[in-house]
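Fold and contact review
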Amino acid sequence: MYLLATLDAHPQFRATLLTALDQLVAHARTEPGTLQYEVLTTLEDENRIIVFERYTDAAALQAHLDSAPLQALIAQFEHYLSAPPALVRMARRDGFLREGLANAPGSHV
């Protein structure tokens, strides 16, 4: 189970939102059903933030969505975001991830 969230930050709240997302990543590491949680910034628009998430199953995704740290951040979205977040739930069809390359120094993978 995957979730892709697109967040368009108000420029004045971009740094605050990224700090809050860093804290959310730390929390997500403690969730047993969370397999991957990445915060990405787009090269075309520095205020657009993409959060890519991967879970063991729908229940793990729902547990994350219901978590207190995420709910606290969502309560601030009205101030931080210039538009409502766009959420896309996905199921994996095919693909791969080269773990060794993804963590190599200087890698942009």
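Look up: the structure comes first, before these words.
Let me begin by describing the structure that accompanies this report. What you see is a predicted model; the values in this text were computed from it and never measured.

Let's shift gears to the environment of R48. Its location among the elements puts R48 in strand β3 (residues 48-55). With residues near it in sequence (within four places) discarded, R48 still touches T6, L7, D8, L40, T41 and T42. A polar side-chain atom of R48 sits 2.7 Å from a polar atom in the side chain of D8.

Moving on: the pattern of salt bridges. Per the counting criterion, the structure on display carries one salt bridge. A salt bridge links D8 to R48; the nearest nitrogen and oxygen atoms lie 2.7 Å apart. Of this pair, D8 sits in strand β1 (residues 2-8) while R48 sits in strand β3, and the two are 40 residues apart along the sequence.

With that settled, the discussion passes to the environment of P69. Structurally, the position occupied by P69 is in helix α3 (residues 68-74). Residue classification places P69 among the partly exposed residues on the basis of a relative accessible area of 33%. Sequence spacing of P69 and Q23 is 46 residues, and the spatial spacing of their C-alpha atoms is 8.5 Å. When sequence neighbours within four positions are dropped, the list of residues in contact with P69 reads L24 and H27.

For the structure shown, the criterion picks out two aromatic pairs. Judged by centre distance (5.7 Å) and plane angle (40 degrees), the rings of Y2 and F52 are tilted. Pair noted here: Y2 is in strand β1 and F52 is in strand β3, with a separation of 50 residues, a long-range link. Centre to centre, the rings of F13 and Y80 are 5.5 Å apart; their planes meet at 45 degrees, and the pair counts as tilted.

So, how was this worked out
Residues numbered from 1 in each chain as written. Predicted model: local features only at pLDDT ≥ 70, side-chain atom pairs only at ≥ 80, totals over all residues. Heavy atoms only, no water. Helix = DSSP H or I, 4+ residues; strand = E, 2+ residues; numbered from the N terminus. Contact = heavy atoms within 4.5 Å. Polar contact = N/O pair within 3.5 Å; in protein donor to acceptor, adjacent residues only side chain to side chain. Salt bridge = Lys/Arg side-chain N within 4 Å of Asp/Glu carboxyl O. Buried < 20%, exposed > 50% of the residue type's maximum accessible area, 1.4 Å probe, protein only. Phe/Tyr/Trp six-rings, centres within 6.5 Å; stacked < 30°, edge-to-face > 60°.

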